[in-house]
Every structure is written in C-alpha cells, then in structure tokens.
Amino acid sequence: MRGPQPRPELHSLAAHAAGRAGGAPTAELKHLLAANENPYDPLPGVLDAAVAAAGQFNRYPDIGCERLIDALAHRFDLPPARFAAGAGSVSVIQSLVQAMTAPGDEVIHAWRSFEAYPIITKAVCGATAVGVPLTDDGHHDLTAMADRITERTRLIFICTPNNPTGTTVRRDELAEFLGRVPENVLVVLDEAYAEFVRDEDTPDGITLCREYANVAVVRTFSKAYGLAGLRIGYAVAPESVAAALRMTAPYGVSQIGQEAAIASLAAEREVMHRVDAVITERRRMEDVLAEQGWPVTRSQANFVWLPIGDRGGDFAAACGRAGIAVRVLGTDGVRVTVGSPEANDLFLATAAEARLG
Ligand code: PMP
C-alpha cells in the first residue's frame, strides 16, 4: 500500500533541487560562484551583533520584526505599516503568492527568470504560472507581459535586475507597462540585486511604491549585505498586503538575523564600499570575457551571464575541474557570480582555455 502522498505538483520542487546541484558536488569545490553570494566575510560589527543575539536563542524572536522594520522605515522614509520581513526574500515571495492567489488565479512572470516564481505559484499555491519569454537580448518583454493579463491575473513579477540575465527594466517602459495594469493586480518588483545597479535608466522600485497603489518591492539582505545564511528578506507593499504578509509565516526571522540586519543597515557605508568593489570586478570580468570572444550580456547584478546554450554543461564541467562552481540554467547558458578577485582570475583563466578547447 502506498503511504500518504504529497500533491503531485511538488515533483517540480524535487526537479528544482536536483537542478540546483547540477550533478556537481559543489560542496567540494573551493570557489563558490554558483549562488550569487557575497564573497566577503561578515563585517565585524555585524558579526558582533549576531553573536550577541545568539546568547539569547532560548527565546523566541520578535514576531513582528519591529526594530528591523522601524530601521527599514527610517531608511526609506515610509511608514512601518508598509513593510514585512521574512526568512529570505524567497519566503516573502511565497507569502505574496499565498496572500494574493487561489487555485485558478494567474501569476505572470518573465522566463527565463528566478525559478521560484513558477515553482511557488504552481507547486506551493496551486495557481497558474504564465511565463512570458524574455526578448532575444535577455530583457523583460513588458509589452508581451501586459498582453497576457486576463481577469484571472492577480500578481505580476518583474525581476530587475533579472536573474540570470542581469538586465533591468527601463523607467519609461515600466511606466507605460504600469499604465496598462488594472489596479486590482499587484506588480511585484523583485529587486534582490538592486544595490548593484549603476544604470541610470533603471527605476528605483521603492520610489514607485510611493507613486502607485498596486506596486510592491521585494528586497533581501542575502546579496549586497552578505547575510544569505541568516535568511532575511523584506517587502515594501500596500498596507493591506504588508499586513497579510506579516501574518503568513510567524517567527520566520530569527533574532540573530534581525540583529544582523539592523547592524548591516547601520553599516551601510561599508556595505556599499564592498558593493562598489564587486561592481568593479563585474566590469572587469565582462570586459575580459568579451575580449575572449564570449557572448556576454552586460549585467547590473553581482553575476555575469553567458548565453551559450547547450554548451553550458561542458563549460561548467571545465570550471568544476578548476575547483569553481558555476550555475548552468537548462540549455540557456551559465550564470557566474562575481567572487573574490582571486576566484575571478581563476575563472577567467578557465574561461580562456574553455574557449580555445
Ligand atoms: N529573488 C531573486 C531574483 C533571487 O535571485 C534570489 C536568490 N537567488 C532571491 C530572490 C531569494 O533570495 P533570498 O531568499 O536569499 O533573499
């Protein structure tokens, strides 16, 4: 007799987990350029705040993340009621889909983009994911996305910068797009990589949250702030949505995470100094890869994207032999995180050889 069976949609989660590993024993690789992590060790003040909080881990964390939310509200000059925090932005995204959709409702997202959108929509929430292909140069096709809005559309994800292509949406095209979205549809700008953007035509999502009643932003402390292992993300959303998000995953953010995030906001200058260094390395990697003849897309995030189609597997295998983990995404290409200068040097030398081979 078969025992209790989870919903069949959850099979796609298993496939995702297998795809993440990509068959490669990443734990054994020395240079981890597969998960868009920050290459720097924790800032001393942030580590101290986390360690101090660890001494109290017999206690539950602050369920409302109040001090963290106050710090964010102060940072962005918006009311605390517009914020919600969660265990990484992926958990905030899940809460958003749960809060906004029922089975049969539709969620529009670009493809290829962050895999969590279709997985959470279909496998976790039982709603319908509508993936709209990127343009040939890896940008969101906002016209095509607006064309797919129906009466069942509840949510639209726009990933800017887009994971994995590193492209952003432009201010003018986004304004035109928002003009076509009905007011009952929530547009979520996933700005996990916002701090790495240097393109002046890219809009700031939090500014748009002030101007539009149906725009939300999701951000994270995992990337620029380097707290991936502590799992803290947040949303800026319309008050009614933010209130719903605060109810979906109680006690989701540990006190260690909350204190580290508060200390990171206080250390923003040092954080941004590190971000600048990552951007310098990003530009160097793109220049060298282009000189080597790779078809590299200019990125606004902390990774570079090589749209090399089904050559991705061989390329990643060559990187693996050199001790470097990179991320193959289907037969679309390979995404490489900007790491330490040493890791990047080794990656570029490996890419040069792979090109010749
Ligand atoms: N959004 C995007 C676009 C991402 O690439 C990621 C992580 N790869 C996330 C959200 C989730 O990050 P986290 O849960 O660590 O905040």
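Residues numbered from 1 in each chain as written. Predicted model: local features only at pLDDT ≥ 70, side-chain atom pairs only at ≥ 80, totals over all residues. Heavy atoms only, no water.

**Regarding the sheet that holds strand β4 (residues 128-133)**
Here is step 1 of the chain: With mixed pairing, the seven strands of this open sheet are ordered in space as β2-β8-β7-β6-β5-β3-β4. Looking along the sheet, the strands with just one partner apiece sit at the ends: β2 (83-86) and β4. Strand-to-strand twist of the sheet, defined as the mean angle between neighbouring strand axes without regard to direction, takes the value 20 degrees.
Here is step 2 of the chain: Bridge analysis of strand β3 (residues 106-111) against β4 gives six bridges, and the strand direction is parallel. If you follow Glu-106 over to β4, its bridge partner there is Thr-128. (Pairing = 2+ DSSP bridges. Helix = DSSP H or I, 4+ residues; strand = E, 2+ residues; numbered from the N terminus. Axes fitted to C-alpha atoms, helices over the stretch in contact; angles between N-to-C directions.)

**Focus: the confidence of the model for the chain**
Here is step 1 of the chain: Confidence in the prediction for the chain averages 95 pLDDT; 95% of positions are at 70 or higher.
Here is step 2 of the chain: Prediction confidence for the complex, expressed as pTM and ipTM, is 0.96 and 0.99 respectively. (pLDDT = per-residue confidence, 0-100.)

**Here's the deal with the sheet that holds strand β9 (residues 303-306)**
Here is step 1 of the chain: Read from one edge to the other, the open sheet built from three strands follows the order β9-β12-β11, with strand pairing classed as antiparallel. Only two strands of the sheet have a single partner each, and these edge strands are β9 and β11 (327-329). Each strand axis lies, on average, 25 degrees off the axis of its neighbour in the sheet, ignoring direction.
Here is step 2 of the chain: Both β11 and strand β12 (residues 333-337) contribute to a ladder of three bridges, which runs antiparallel.

**Some details on the pattern of salt bridges**
Here is step 1 of the chain: If you walk through the whole model with that rule in mind, you get 15 salt bridges.
Here is step 2 of the chain: Of the charged contacts, one joins Arg-219 and Asp-204 as a salt bridge, the two residues approaching to 2.9 Å between their closest N and O atoms. Separated by 15 residues along the polypeptide, Arg-219 in strand β7 (residues 215-220) and Asp-204 in the loop between β6 (186-190) and α8 (205-211) bring together distant segments of the chain.
Here is step 3 of the chain: The class for Arg-219 is buried, based on a relative accessible area of 7%.
Here is step 4 of the chain: For Arg-284, the salt bridge is made with Asp-345, and the minimal N-O distance between the two is 2.8 Å. In this pair, Arg-284 sits in helix α11 (residues 268-291) while Asp-345 sits in helix α13 (residues 341-356), placing the two residues 61 residues apart along the sequence.
Here is step 5 of the chain: For Asp-345, a relative accessible area of 41% corresponds to the partly exposed category.
Here is step 6 of the chain: Put simply, Asp-105, Arg-152 and Arg-154 are held in one network by salt bridges that share partners. (Salt bridge = Lys/Arg side-chain N within 4 Å of Asp/Glu carboxyl O. Buried < 20%, exposed > 50% of the residue type's maximum accessible area, 1.4 Å probe, protein only.)

**Describing the site of the ligand**
Here is step 1 of the chain: Taken together, 13 residues form the shell around the ligand, and within it Ser-89, Asp-190, Tyr-193, Thr-220 and Ser-222 come nearest.
Here is step 2 of the chain: A distance of 3.3 Å separates a nitrogen atom of the ligand from a polar side-chain atom of Lys-223.
Here is step 3 of the chain: Contact with the protein chains covers 91% of the free accessible surface of the ligand, which is 400 Å².
Here is step 4 of the chain: For the shell around the ligand, the per-class residue count stands at five nonpolar, five polar and three charged. (Near = heavy atom within 4 Å. Polar contact = N/O pair within 3.5 Å; in protein donor to acceptor, adjacent residues only side chain to side chain. Areas by Shrake-Rupley, 256 points an atom, 1.4 Å probe, with all protein chains shown as cover. Nonpolar A, V, L, I, M, F, W, Y, C, P; charged D, E, K, R; others polar.)

**Concerning the nonpolar core**
Here is step 1 of the chain: Counting residues in hydrophobic clusters, the biggest one holds 79 residues, and the most contacted among them are Ile-158, Phe-177, Phe-221, Phe-315 and Phe-347.
Here is step 2 of the chain: A total of six residues in this core trace back to one element, the largest contributor, which is α11.
Here is step 3 of the chain: When sequence neighbours within four positions are dropped, the list of residues in contact with Phe-347 reads Leu-33, Met-285, Leu-289, Leu-306, Phe-315, Cys-319, Ile-324, Val-326 and Val-336.
Here is step 4 of the chain: Leu-155, Leu-186, Ala-242 and Leu-245 belong to the second largest nonpolar core, which has 23 residues in total. (Core = buried A, V, L, I, M, F, W, Y, C linked by side-chain atoms within 4.5 Å. Contact = heavy atoms within 4.5 Å.)

**Section: the environment of Val-188**
Here is step 1 of the chain: With respect to the element layout, Val-188 can be found in strand β6.
Here is step 2 of the chain: Through-space distance from the C-alpha of Val-188 to that of Asp-276 is 26 Å; in sequence the pair is 88 residues apart.

**Some thoughts on a nonpolar patch on the surface**
Here is step 1 of the chain: On the surface, Tyr-60, Ile-63 and Tyr-251 cluster together to form a nonpolar patch covering roughly 380 Å² of accessible area.
Here is step 2 of the chain: Along the chain, Tyr-60 turns up in the loop between α2 (44-54) and α3 (66-76).
Here is step 3 of the chain: By relative accessible area, which is 67% here, Tyr-60 ends up exposed. (Patch = residues over 30% accessible without salt bridge, like charges linked within 9 Å, V, L, I, M, F, W, Y side chains within 5 Å.)

**Regarding helix α4 (residues 89-100)**
Here is step 1 of the chain: Compared with the 16 Å implied by 1.5 Å per residue over twelve residues, the 16 Å span of α4 between its first and last C-alpha is a close match.
Here is step 2 of the chain: All of the buried residues in α4 are Ser-89, Ser-91, Val-92, Ile-93, Ser-95, Leu-96, Val-97 and Met-100. (Expected span 1.5 Å × (residues − 1).)

**Describing the UniProt feature "modified residue: N6-(pyridoxal phosphate)lysine" (unreviewed entry) in the chain**
Here is step 1 of the chain: Those residues carrying the UniProt feature "modified residue: N6-(pyridoxal phosphate)lysine" (unreviewed entry) are Lys-223 in this numbering.
Here is step 2 of the chain: Checked against the element boundaries, Lys-223 lands in the loop between β7 and β8 (233-236).
Here is step 3 of the chain: The residues contacting Lys-223, other than those within four sequence positions of it, are Ala-35, Asn-36, Asn-38, Ala-192, Tyr-193, Phe-196 and Asn-302. (UniProt positions renumbered as here; feature names shortened; annotations may be inferred.)

**What about the state of the cysteines?**
Here is step 1 of the chain: Enumeration according to the criterion identifies zero disulfides in this entry.
Here is step 2 of the chain: Its sulfur unpaired, Cys-159 is 15 Å from the next cysteine sulfur, which belongs to Cys-209.
Here is step 3 of the chain: Residue classification places Cys-159 among the buried residues on the basis of a relative accessible area of 2%. (Disulfide = S-S within 2.5 Å.)

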